[in-house]
Amino acid sequence: MRLQRYSINVVYKKGSSLVSADTLSRAPLSSVHNRKQNNFDAFRLEVERLDALANPQLLPKTTISLQATTAKDPNVAQLLKVILSGYPDIKSHLPGCVKPYWCFHDEMSVHNGVIYRGSQAVIPKSMSRQMLTKIHASHAGAESNIRMAKDIVYWPGMQPEIKDMCQNCGQCAQFGIENTREPVKSQPIPKYPWQFVSQDIFQFESSSYVVTVDHYSDFIELGELDNTLS
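These remarks concern the structure in this document. (Residues numbered from 1 in each chain as written. Predicted model: local features only at pLDDT ≥ 70, side-chain atom pairs only at ≥ 80, totals over all residues. Heavy atoms only, no water.)

### Remarks on the pairing of strand β1 (residues 108-111)
Here β1 shows no split at all, with Met108 and Val110 on one side and Ser109 and His111 on the other all buried. Relative to strand β2 (residues 114-117), β1 runs antiparallel, the two being bridged by 4 bridges. Residue pairing across strands places His111 opposite Val114, the latter belonging to β2. Adjacent in sequence and paired antiparallel, β1 and β2 are bridged by 2 residues, among which Asn112 carries a positive phi angle near 50°. (Buried < 20%, exposed > 50% of the residue type's maximum accessible area, 1.4 Å probe, protein only. Helix = DSSP H or I, 4+ residues; strand = E, 2+ residues; numbered from the N terminus. Pairing = 2+ DSSP bridges.)

Next comes the structure, spelled out in structure tokens:
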């Protein structure tokens, strides 16, 4: 599923014709002077040529809205700048709004104005509420909604926000993973003594007893048993 957004052309080559791969697992460019930067540029240009890169699970209308929001959001603009120019070696050198993406910065890419983390479209914070509403529309419960969302979209704090929304939704509560407790059922209220009674057998100092409780008066009767055989 994650490879569906790529247009892959597989070409067979004999092992004897393969050369040592560089850090991007492709043949090094012989005419490159600034190898690190040019390899990154070559990779970025190659990705941008893939017309099928758009996330197939986002509707065209949603994709257009995402492109427009990404272009206007200042925090996403900072992230986009870092992705295209390259991440620093130290996390502390990043702008604050980009630091949440540090742990998976090698998964980040850009295509047609949309930022991707792997196959997940990165949603700007200003659009997250709209996406939460779409995710929550199925009322399938928090865990199910999170599994569905993780295949399509991403933004920092997405999972806690989905859980919070579902926990405050009565319909989602019906599909929670935790077993709901059965409501406590009370005995019917008796109208006269000995209408409803409860009995049990217990042992005390090697003797067996039967205890009977009247639900109307809570009166207790106790009787010793010769044996417990029926």
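### Let's talk about the sheet that holds strand β5 (residues 197-204)
Strand order in the open sheet formed by 3 strands is β5-β6-β7, with antiparallel pairing between adjacent strands. The sheet is open, and its two borders are formed by β5 and β7 (220-225), each paired with just one other strand. Averaged over neighbouring strand pairs, the angle between their axes works out to 25° when direction is ignored. The pairing of β5 with strand β6 (residues 207-214) spans 8 bridges and is classified as antiparallel. Each residue of the ladder has a partner; that of Asp200, found in β6, is Val211. (Axes fitted to C-alpha atoms, helices over the stretch in contact; angles between N-to-C directions.)

### A look at the packing of aromatic side chains
Evaluated as defined, the whole model comprises 6 aromatic pairs. In this structure, Arg117 is placed above the aromatic ring of Phe104, and the distance from its NZ or CZ to the ring centre is 3.7 Å. Over the ring of Tyr154 we find Arg117; its NZ or CZ atom is 4.8 Å from the centre of that ring. (Phe/Tyr/Trp six-rings, centres within 6.5 Å; stacked < 30°, edge-to-face > 60°. Lys NZ or Arg CZ within 6 Å of the ring centre and 35° of its normal.)

### Topic: the environment of Val213
Tracing the backbone shows Val213 in strand β6. The spacing of Val213 and Ser198 is 15 residues in sequence and 5.3 Å in space, taken between C-alpha atoms. Once residues lying within four places of it in the same chain are set aside, the contact partners of Val213 are Phe196, Val197, Ser198, Asp218, Phe219 and Ile220. (Contact = heavy atoms within 4.5 Å.)

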